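Notes for the structure review
Here's the letter readout for the chains.
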Amino acid sequence: MDERELLVLGLLMTQSQHGYQINEFIEKNLGRVSDMKKATAYSILKRLNQKGYVDVAVEQEGNRPPRQIYTITPIGEEQFNTLLRATLSNLENVTPSGDIGFMFIDHLSKEEAISLLEQKLRKAQQLLEALSTVPRHGPGTGVDLSIRHRIALLQCDRDWILHTIEQMKQPT
């Protein structure tokens, strides 16, 4: 399942938009929950158009270059609802970044392993601090739920790393 398609279709559920608007909104407002690149968004828009989920119209204002306006179609709305329900009900068993490294941590000295985990701990704390400054996104709870979920996962990671460092510092 491609959550990026859900993101683009979801943005088009509110209004027709040109690609630049979609990318700007993702970058300014959803950068904390999506790392989608501009080229990816345009590729997804093209794919959604080919599947019939979005229509494309060309708009020209004055001397400005023409731009493509994307509008979700009725079957695009059906696909959005299908993806939304699947995403909310699904749970994937993914291996978090760095877990493979934990399997081989014994190949390092205890001191180096602790030092690296302390670096990871600082990064987790920095991410937590950044996410805690994200302003609430208004009356809807969707974006706020996503941010709170990311915070909860990072807090869990931070606590686990801290506990692991403490365990490693104990004499064997």
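Anyway, here's the lowdown on the structure attached to this text. This is a predicted model, so every value here is computed, not measured.

1. What about the nonpolar core?
Val8, Leu9, Leu12, Ile22, Leu45, Leu48 and Val54 are the most contacted members of the largest nonpolar core, which has 17 residues in total. Contributing elements (two or more residues each) for this core: helix 1 (3–14), helix 2 (19–29), helix 3 (38–50), strand 3 (67–72) and helix 4 (74–89). For this core, the element with the highest residue contribution is helix 1, accounting for six residues. Discounting residues that sit within four places of it in the chain, Ile22 has contacts with Leu11, Leu12, Gln17 and Leu45. By size, the runner-up hydrophobic cluster in this structure holds eight residues, among which are Leu117, Leu121, Ile161 and Met168.

2. Focus on the sheet that holds strand 3
Taken in spatial order, the three strands line up as 1-3-2 in an open sheet, and their pairing is antiparallel. Two strands close off the open sheet at either side, each with one partner strand: strand 1 (17–18) and strand 2 (54–59). Strand direction decides the pairing type here: strand 2 and strand 3, joined by six bridges, are antiparallel. Within strand 3, the residue paired with Val54 across the bridge is Ile72. Against the sheet, helix 1 touches strand 1, strand 2 and strand 3, its axis set at about 90° to strand 3.

3. Points about a nonpolar patch on the surface
Side chains of Ile100, Met103 and Phe104 sit close together on the surface and give an oily, nonpolar patch of about 340 Å² of accessible area. Locating Phe104 in the fold gives a position in the loop between helix 5 (99–103) and helix 6 (110–132).

4. Comments concerning the pattern of salt bridges
Applying the stated criterion across every chain, the model contains six salt bridges. Measuring nitrogen to oxygen at the nearest pair gives 3.2 Å for the salt bridge that ties Glu5 to Lys51. Highlighted residues: Glu5 in helix 1 and Lys51 in the loop between helix 3 and strand 2, separated in sequence by 46 residues. When its relative accessible area of 5% is taken as the criterion, Glu5 is described as buried. The exposure class assigned to Lys51 is partly exposed, which follows from its relative accessible area of 41%. With a shortest N-O distance of 3.0 Å, Asp159 and Arg158 are connected by a salt bridge.

5. Observations concerning the packing of helix 6 against helix 7 (residues 142–169)
Direction vectors running N to C along helix 6 and helix 7 enclose 155°, while the axes themselves pass 9 Å from each other. Viewed along their axes, helix 6 and helix 7 adopt a mutual orientation that is roughly antiparallel. Here the hand of the crossing between helix 6 and helix 7 comes out left-handed. Of the residues that constitute the contact of helix 6 with helix 7, the class distribution is 15 nonpolar, four polar and six charged.

6. A few points about the pairing of strand 3
Two elements, strand 1 and strand 3, share two bridges in a ladder whose sense is antiparallel. Directly across from His18, in strand 3, lies its bridge partner Ile69.

7. Here we look at the environment of Lys46
Counting through the fold element by element, Lys46 comes out in helix 3. C-alpha of Lys46 to C-alpha of Gln125: the two residues are 79 residues apart in sequence and 38 Å apart in space.

Rules and cut-offs
Residues numbered from 1 in each chain as written. Predicted model: local features only at pLDDT ≥ 70, side-chain atom pairs only at ≥ 80, totals over all residues. Heavy atoms only, no water. Core = buried A, V, L, I, M, F, W, Y, C linked by side-chain atoms within 4.5 Å. Buried < 20%, exposed > 50% of the residue type's maximum accessible area, 1.4 Å probe, protein only. Helix = DSSP H or I, 4+ residues; strand = E, 2+ residues; numbered from the N terminus. Contact = heavy atoms within 4.5 Å. Pairing = 2+ DSSP bridges. Axes fitted to C-alpha atoms, helices over the stretch in contact; angles between N-to-C directions. Patch = residues over 30% accessible without salt bridge, like charges linked within 9 Å, V, L, I, M, F, W, Y side chains within 5 Å. Areas by Shrake-Rupley, 256 points an atom, 1.4 Å probe, with all protein chains shown as cover. Salt bridge = Lys/Arg side-chain N within 4 Å of Asp/Glu carboxyl O. Parallel < 35°, antiparallel > 145°, perpendicular 65-115°, else oblique. Left-handed = near helix turned anticlockwise from the far one by under 90°. Nonpolar A, V, L, I, M, F, W, Y, C, P; charged D, E, K, R; others polar.

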